[in-house]
Amino acid sequence: MHPLSNVSRRRFLQQSSVAMAGVALGPSLDISRENTTVRLPTRSTRAVGTFIGPVCDPETLRTLATTAIEAAVHAGAEWADLRLGDQRTLATLGSQADVTLRCGYSLRVRVQGAETIVTGADLTQNTLVAAARSAVATANALRSATGDNAMRPLAPVPVVRGEWHAPMVIDPFAVSINEHVAVGESDDGQYDGPLSRIARTGWGRLRSSWRWERETRVFASSEGSLVTQHLCSVDAQMLAYSWDWRAQRGEWFELAVPSVVACSGGFEVVVHPDRYARAVTRLEELLRYKALPRTRFEIGRQNVVLDGGLHAQLIGEVALPALSLNRALGNEIDIAGTSILAPPETMLGQRFFSPILTLAIDHSPSRFGAAAWDDEGVATTAEPLIANGVVTNYLSSRATLPALTAGRASGQESGAGRMLGIVSAELGATPVEMPRAVTMTSASTPCSLSQLAATLGTGLLACGGVVGTDPNGYGAYLYPEMLFEVRHGTLTRRVFGARFMVSAKRFLPTLSAIGDATTQQTVLRTIIASGVPWTATEHAVTAPAGLYHDVDIVPRFMEQA
Amino acid sequence: MTLNVHIDRHVGDAIASSPTISRRQLLREFLARRASGDYPLSDHTTAPASDESRIVPDPSAPRRVITHDEAMALAEFVREVTEGKFTGVAIAHAVTAVATQRVGNAPRSGDADELELRWPTRLGNMVNVGISTNVRDPDTLRRVIHRAAATKAPPMTGPLAEEDPDLADAPRPATYMPVSLWYPSTSTAMTTERGTALAQLTAPFHGTAWHGVGTVAMSAKAFLYLSPDGSTTAWGDATDAEVSMTARAADGSAAGWSGRAHRDWRQLHPADVAQAAIAAAEQQRNPSRAEPGRYTAILSATAVGQLLHAMAGSFNVARQSPFNLPTTKEVGQKDRRGERLFDPRVTLSSDPTDPDGGDWPFFYGDGGMGEPNPKSIWVEHGVLKLRSVDVGTGLQYGMIPRKDPLAMRMNGGPTSVAEMIANCERGIYVHRFANLEVIDGLSGAMSGYTRDGCLFIQNGKIVRPVKDFRIFESPFLSLNRVLALGTPERIAFGFTPPNPYRREQHWPLPPVIAPPLMVSDFNFAALADNV
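Reading guide: rules and limits
Residues numbered from 1 in each chain as written. Chains lettered and ligands numbered in written order. Predicted model: local features only at pLDDT ≥ 70, side-chain atom pairs only at ≥ 80, totals over all residues. Heavy atoms only, no water. Helix = DSSP H or I, 4+ residues; strand = E, 2+ residues; numbered from the N terminus. Areas by Shrake-Rupley, 256 points an atom, 1.4 Å probe, with all protein chains shown as cover. Polar contact = N/O pair within 3.5 Å; in protein donor to acceptor, adjacent residues only side chain to side chain. Contact = heavy atoms within 4.5 Å. Pairing = 2+ DSSP bridges. Axes fitted to C-alpha atoms, helices over the stretch in contact; angles between N-to-C directions. Buried < 20%, exposed > 50% of the residue type's maximum accessible area, 1.4 Å probe, protein only. Disulfide = S-S within 2.5 Å. Parallel < 35°, antiparallel > 145°, perpendicular 65-115°, else oblique. Left-handed = near helix turned anticlockwise from the far one by under 90°. Nonpolar A, V, L, I, M, F, W, Y, C, P; charged D, E, K, R; others polar. Core = buried A, V, L, I, M, F, W, Y, C linked by side-chain atoms within 4.5 Å. 1 Å grid on protein atoms, 1.4 Å probe; cavity = no way out; pocket = protein on both sides within 12 Å on 5 of 7 lines; lining within 4 Å. Points joined across faces, edges and corners; volume = space filled by probe spheres on them. Expected span 1.5 Å × (residues − 1). Arc of directions from axis to C-beta. Salt bridge = Lys/Arg side-chain N within 4 Å of Asp/Glu carboxyl O. pLDDT = per-residue confidence, 0-100.

Draft legend 1. Inspection of the overall build of chain A at higher detail. Looking only at helices and strands, chain A features 11 helices and 23 strands. Working note: accessible area of chain A is about 20800 Å², and carbon and sulfur atoms make up 52% of it.

Dropping the structure here:
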């Protein structure tokens, strides 16, 4: 695929007249979509923000939002909500830095029993008004399909107005390019200092990449809500890797450094005091692994320990979609699929998972995607999803929650199954029932990865990798980045050519031990969630290492010997 | 620069190699061959004058995707505004309209509209300058284009950084084969028919105990490429539509799916789709488990189409593939073309003019810039004839570029599904698959799941429904164990999720026309829990 080259961009606001009276505006916003990227110079004392022009005025965004809502109501919408935002992303890798500029909106309307969503990237008054009218017209055209199907009312929520700023100490766009590059270059290579010994003997290196995302997002609804949030998240990754750079050959080994994670914040997250120490530890660990002899896998069933990274991938790929109420209710059987946790009225309050599994929405201010309100204008929540293996909540929205609570008999009001405030939407995309961050509780007693391996006895240890699943989430494939044979609690050999094939319903309850906080890792995942049309969301999953039983070991894609 | 290259000539020509030939000479020869190829005249050869007023779309027009005149005006505008050396302007517009409804619930719909302008500045070093927009305001476009053209390219090193003047000036034929991919009925239906179609899908479910969710999806696309001097244009527009329905028992114990796809909306009958889904679900009531193992498999047309779609990438010369010999280490080296690799009854082809589906007559999407895509017979009577190759690799190795056979037709046979079942002593009928993926490029082995249950066949009759399986099989081997073929039909894939790595595999997927198939010894490797 040809990479897009740099496209410089400056934003303007289109001059308007009547409806925008009293608001000083400049020339129109330029077109903006994915991959509008500015390649920054590799050296400069200027701050990053000086290369890309001023941030859009929040008052302007609010005005655009209210204009669109009014247009939708005027066109005949019974209800409407809108998310619009102006986003800039700074990505650095080594000495290279890019800024991506985007803006977008998503507008939902309900008209006479039909719901429509329109999305776009042009934040001008004319476009938003046209989008509102188009959405109402489309919804009207769907009325013939409603018949006697009355649209279930949305779950009631309080009207909210306000403004919120994500915790940020140092604005990454106010930092000079030289300082950003210095971070990357100091991580990369490291032929001086603690890693020089490693670099000479084992070809170990570090590589870090950082992606800051700052967004001014406005939510407005026909019920009167109007909130502005100034968000700032960072996706940080540091890899310890080993490869024979001189000969340009050999196996590639890499492990993520657990302390460098996706979170909310600014440039201050770069200067974590333990970052280098943990990175060195990880690199030494990697080189020990690399020294192990190599063996091919054997088909069969084994007990396995998944490190925090792979475990987080598994939870995010299998458990989270299953907890989507939209899927559990069967609304997505023709598109995204079903859920292993269906039907919700039966599964709620039942133990499906291992008793040591507790999973909750992460509500800490430093979590990835931190926000005061979700993308339906509901205050964000931190309810548990799974408590000691029991399903306590589903990921629900204002549209789906009434279906869950409507049929509940009296006496079942335990507080469970009434969670809102988790809906998220990427810029200019459909909102979906997927929180920005979830955390699986780690063991309260000390239990390192080595101790888990000792508990395992004989089996496999899997580190890193990805997980894939079928549309209904019943089966999953795990592709470990590195796989090791464990005998009597000790790593003996590296294993290649294998992946895991599991049945989610039978596999997840076999979790018998988890690691402590030292084994926790956070992964940032993009999941192509349901949506009409399809939309992808990004969320962070944190999980400790876990010991599972009876995993099918099957062939992976053929590797070069 | 002098390179050692192999000149790969296609069917009927001898494989030849030239130990020393200049790249410039090779390219001239290749371009001359391509220009004299099977490309009948089209009528899009003139470039109208740029007209800024025609850039902005007419909001009252019923057609939602850019017209030829609008695209030409936009392309001319971009060409005039853009400074510096480039190899043409490509404009791609895609509009999608989707609606879904669960029986008993209100419908939901969503639309997507993407207009993209792209022009490569230096084809040799793989740098593309492009913008993705849905704004066609001339002043805004002019500002953005100027900035895009003035932006410095990222630093590149090595041979690819050299600007190859021959590639940058590589002409394209002035003509493309005529195809019929656009149906006004579908374009109109995007605005007016979704509600009616959903009502037709859900109506058969009233009074039944089945849960049902139906989806109506429509697409309109347009593409135009304009050469630097305005002498060549590639223009095409296409519509496509798909209707699908899933019926499912309340307890999740049984399910059935049906789908239809056609470029012409008038050929789709949602009520029939709904009835078929209910009938399929009825057959799957109270499924039991069957012992995993190798069985004779009767694969529905949908299941066969899914396998063919998963096989398509293996035809590419640059991929690890069962079509390579153990000695095939590089593109251009001898592979298994000319060998009989499948049953003699198997023929696989791609024809942009196929009346049941068709495809763009040029490369579109995935960086394609209107390079012609010819008809191709990949496998003829079981013999491998052709491999696919992308434009860059084709130019480099002197091969005619051919798109991967994502749009494919497999020939059929005289046997109906009922006859296949009657002739089956012990086997399994598969409705469709899920999560097919190639896990071994050398053998083409795939893994995946069956979906919506299967039917167990014994002594010529369906005896009971059974639950799903994991499968582990290579269609490259299965197509050697063909027992019978049925009547081909265009299959529906459903409203599939996008492939983040290949835009060509965003919905709608290129048409696949496949027959139902009966094969022996299909590996139903293990049981699965899904329904």
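Draft legend 2. Fine view of the side chain of Asp-552 of chain A. With respect to the secondary-structure elements, Asp-552 of chain A resides in strand S23 (residues 546-555). A distance of 2.7 Å separates the side chain of Asp-552 of chain A from the side chain of Arg-301 of chain A, its partner in a polar contact. Setting aside residues no more than four positions away along its own chain, Asp-552 of chain A makes contact with Gly-300, Arg-301, Arg-499, Phe-500 and Met-501 of chain A together with Arg-470 of chain B.

Draft legend 3. Looking closely at the environment of Gln-96 of chain A. Residue and element names in this part refer to chain A. If you trace the backbone, Gln-96 turns up in strand S3 (residues 96-111). Each C-alpha atom, one on Gln-96 and one on Ser-209, is 9.7 Å from the other, the two residues being 113 residues apart in sequence. Ignoring anything within four residues of it in the chain, the contact list for Gln-96 reads Arg-39 and Ala-91.

Draft legend 4. Main features of the sheet that holds strand S10 (residues 348-350) of chain B. Residues and elements named next belong to chain B. A sheet is described by the order of its strands in space; here six strands give the open sequence S14-S13-S10-S15-S22-S21, paired in mixed fashion. Whereas interior strands pair on both sides, the edge strands pair on one side only; in this sheet they are strand S14 (383-384) and strand S21 (489-490). Here S10 runs beside strand S15 (residues 408-410); their pairing, made up of two bridges, is antiparallel. Each residue of the ladder has a partner; that of Ser-349, found in S15, is Arg-409. Contacting S10, S15, S21 and strand S22 (512-514), helix H8 (residues 301-311) crosses the sheet at an angle of about 125 degrees to S22.

Draft legend 5. Geometry of unusual backbone geometry. In this chain, Ala-342 of chain A is followed by Pro-343 of chain A through a cis amide linkage whose omega measures -5 degrees. Of note, Pro-343 of chain A is situated in the loop between helix H7 (325-328) and helix H8 (344-347). Phi is positive for His-488 of chain A, close to 55 degrees, though the residue is something other than glycine. Along the chain, the position of His-488 of chain A falls in the loop between strand S17 (475-487) and strand S18 (490-496). For His-488 of chain A, a relative accessible area of 73% gives the class exposed. Even without being a glycine, Asp-521 of chain B presents a positive backbone phi close to 55 degrees. Along the chain, Asp-521 of chain B falls in strand S23 (residues 517-527). Residue class for Asp-521 of chain B comes out partly exposed when judged on its relative accessible area of 39%.

Draft legend 6. Fine view of the state of the cysteines. With the rule as written, the count across this model stands at zero disulfides over all chains. With no disulfide of its own, Cys-103 of chain A has Cys-56 of chain A as its nearest cysteine by sulfur position, at a separation of 8.0 Å. Taking the relative accessible area as the measure of exposure, Cys-103 of chain A reaches 5% and is therefore buried. Here Cys-424 of chain B stays unpaired: no disulfide links it, and the sulfur of Cys-454 of chain B, its closest cysteine neighbor, is 13 Å away. Assessed through its relative accessible area of 3%, Cys-424 of chain B is described here as buried.

Draft legend 7. Structural detail: the sheet that holds strand S22 (residues 535-543) of chain A. Residue and element names in this part refer to chain A. Spatial strand order, S14-S13-S12-S15-S22-S21: six strands in an open sheet with mixed pairing. Two strands lie at the open edges of the sheet, namely strand S14 (390-391) and strand S21 (521-529), each paired on one side alone. Examined bridge by bridge, strand S12 (residues 359-361) and strand S15 (residues 437-440) share three bridges and lie antiparallel to one another. Looking at the pairing, Leu-359 lines up with Met-440 of S15. Taken strand by strand, helix H6 (residues 308-322) contacts S12, strand S13 (384-387), S15, S21 and S22, and its axis lies near 30 degrees from that of S21.

Draft legend 8. Just the packing of helix H6 (residues 194-202) of chain B against helix H7 (residues 270-283) of chain B, in detail. Residues and elements named next belong to chain B. H7 packs onto H6 with a crossing angle of 30 degrees between their chain directions and a minimal axis gap of 7 Å. The pairing of H6 with H7 is recorded here as roughly parallel in orientation. Where H6 crosses over H7, the handedness of that crossing is right-handed. In this structure, H6 uses Ala-197, Gln-200 and Leu-201 to contact H7, whose residues at the interface are Pro-270, Ala-271, Val-273 and Ala-274. Classifying every residue of the contact of H6 with H7 gives six nonpolar, one polar and no charged.

Draft legend 9. Structural view of the nonpolar core. Formed by 77 residues in total, the largest nonpolar core has its most connected members in Leu-84 and Val-109 of chain A together with Trp-265 of chain B. Sequence-distant contacts of Leu-84 of chain A, defined by excluding residues within four places in its chain, comprise Leu-61, Leu-64, Ala-65, Gly-104, Tyr-105, Leu-123, Leu-128, Thr-216, Arg-217 and Val-218 of chain A. Leu-310, Ala-328, Leu-359 and Tyr-548 of chain A belong to the second-largest nonpolar core, a separate cluster that totals 66 residues.

Draft legend 10. The arrangement of empty space enclosed by the protein in detail. Residues and elements named next belong to chain A. As enumerated under the stated definition, the model contains 10 cavities of 30 Å³ or more in all. There is about 350 Å³ of room inside the largest cavity. Lining of the largest cavity is provided by 31 residues; of these, Gly-369, Ala-371, Asp-375, Ser-424 and Arg-436 occupy positions nearest its centre. Going through the elements one at a time, strand S6 (204-221) and strand S7 (226-244) are the ones with two or more residues in the lining of the largest cavity. With four residues, the top contributor of residues to the lining of the largest cavity is S7. By residue class, the composition of the lining of the largest cavity is 12 nonpolar, nine polar and 10 charged.

Draft legend 11. Fine view of H7 of chain B. Residue and element names in this part refer to chain B. Across its 14 residues, H7 extends 20 Å between first and last C-alpha, which sits within 8% of the 20 Å expected from 1.5 Å per residue. Along H7, the positions that sit buried rather than exposed are Pro-270, Val-273, Ala-274, Ala-277, Ile-278, Ala-280 and Ala-281. Buried residues in H7, looked at end-on, bunch into an arc of 160 degrees, giving them a common side. Buried residues belonging to H7 abut H6, strand S7 (233-248) and strand S8 (255-262).

Draft legend 12. Structural view of the pattern of salt bridges. The full count for this structure, using the stated rule, is 36 salt bridges over all chains. When the shortest N-O distance is used, the salt bridge between Arg-211 of chain A and Glu-213 of chain A registers 3.2 Å. Residue Asp-452 of chain B pairs with Arg-432 of chain B through a salt bridge whose shortest N-O separation is 2.7 Å. Within this pair, whereas Asp-452 of chain B is found in strand S17 (residues 445-458), its partner Arg-432 of chain B is found in strand S16 (residues 426-440), the two being separated by 20 residues in sequence. With a relative accessible area of 7%, Arg-432 of chain B lands in the buried category.

Draft legend 13. Geometry of the confidence of the model for chain B. Residue and element names in this part refer to chain B. With 75% of its residues at a pLDDT of at least 70, chain B reaches an overall mean of 80. pLDDT under 50 marks residues 122-127. Its contacts with residues more than four places away, or in other chains, come to 15 contacts. Residue range residues 164-170 is modelled with pLDDT below 50. Its contacts to residues more than four positions away, or to other chains, number 14 contacts. Scored as a complex, the prediction yields pTM 0.84 and ipTM 0.81.

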